[in-house]
Amino acid sequence: MTLVARMLLRRLLILIPLLLGVVAFVFIVMRFSGVKPEYAYFQGANPTPEQIHQFQIENGLLDPLPVRYVRFVAELAQGDMGTSVLTKKPVIESVMTALPLTLQLTFLGLAVAVVLSVVFGVTGALFRDRWPDQVIRVVSLVGVAAPPFWLALLMIQYLAVGEGLFPTGGYINPADSTAGWLQSMTLPALSLSLPIAAQLTRIIRTSMVEELDRDYVRTAIGSGLPPIVVVGRNVLRNALITPLTVLGLRIGYLIGGTVVIETIYGLPGMGQLMINAVRDGDPAVVQGVVLTIAIGFMVVNLVVDILYLLVNPRLRSAA
């Protein structure tokens, strides 16, 4: 087995106790959250104590906590996240209906953030201390300080309501209209990605400046290699090692940020699903959404580790 394969295997093995820890944490928090599924089930009615007691017995709510946890883990292992007490539908169905939209928003926002940060970060480093660099640094500083929900409200006010360039909310399935889908997702993706792009721009600019000052860059350019080749083939690749670490953490922020953005724009994704479940007191759905987001975050970090191996040869040697 190669060093790279052994390192990836170690990462996968670490995910197992981490996943069990996340499941245990979510289970315990939800059990002590004060949200009672029996009251959500009888919402709008006036149940008798006997009816509530019967519901608790039928759903195992009176069993000891360790027994309920083991049953919960066993059901999860079979792909069962429970049943919504309101809709009477399996939670996995609701999650799988909402998840595609959240993934679309997350990856579209990620693509926008990466493209903008690389373009402006590299431009700032190449024009160090000149006016393009100064402008980029000021704009990125403002972007770091701007919360996504504030950007979302500004974009709705000026670009949607004021100029009429985009819809104020709602979602159009790409199968129905690709142009309509892109138009409905542009403002949410920008609202979600601009603060991340601003942070990554500053990090990429700093990493690029450090690499451009190294001896190998001056040697390569002095030996006659075109600067664009040196920057594109060597400098940029080495400079992206540090931003990759930050990007892995920021993707988790992107996933979490969809809760607010989907609510503002009325998008029927995971964020909207969780907000509705919290409002209606449906703990099984909240639990399923939180677990899905947590597992997605762990998978993303595993992918970042793999990218690390591809970009950084020294890490492969140390493996």
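For clarity, every value in this text was computed on a predicted model and none was experimentally measured.

Describing unusual backbone geometry
Step number 1: At K88, a residue that is not glycine, the phi angle is positive and equals roughly 65°.
Step number 2: Tracing the chain through its elements places K88 in the loop between α4 (65-77) and α5 (91-126).
Step number 3: Owing to a relative accessible area of 46%, K88 belongs among the partly exposed residues under this scheme.
Step number 4: For D129, which is not a glycine, the phi torsion comes out positive at approximately 65°.
Step number 5: Within the secondary structure, D129 sits in the loop between α5 and α6 (131-145).

A few points about the nonpolar core
Step number 1: L105, L247, I251, I261 and Y265 are the most contacted members of the largest nonpolar core, which has 26 residues in total.
Step number 2: Of all the secondary-structure elements, those providing two or more residues to this core are α5, α7 (148-162), α8 (178-212), α11 (241-265) and α13 (283-311).
Step number 3: With 8 residues, the top contributor of residues to this core is α8.
Step number 4: The contact partners of L247, leaving out residues within four places of it in the chain, are L110, V114 and L200.
Step number 5: In terms of nonpolar packing, the next biggest core, distinct from the first, is built from 23 residues, A98, L99, A284 and L291 among them.

Re the UniProt feature "transmembrane region" (unreviewed entry) in the protein chain
Step number 1: The UniProt record marks residues 12-32, 105-127, 139-160, 180-198, 247-268 and 288-311 with the feature "transmembrane region" (unreviewed entry), using the residue numbering of this structure.
Step number 2: The distance separating the terminal C-alpha atoms of residues 12-32 is 31 Å; by composition the span is 95% helix and 0% strand.
Step number 3: Annotation note: span residues 139-160, helix share 91%, strand share 0%, distance between end C-alpha atoms 23 Å.

What counts and how
- Residues numbered from 1 in each chain as written.
- Predicted model: local features only at pLDDT ≥ 70, side-chain atom pairs only at ≥ 80, totals over all residues.
- Heavy atoms only, no water.
- Helix = DSSP H or I, 4+ residues; strand = E, 2+ residues; numbered from the N terminus.
- Buried < 20%, exposed > 50% of the residue type's maximum accessible area, 1.4 Å probe, protein only.
- Core = buried A, V, L, I, M, F, W, Y, C linked by side-chain atoms within 4.5 Å.
- Contact = heavy atoms within 4.5 Å.
- UniProt positions renumbered as here; feature names shortened; annotations may be inferred.

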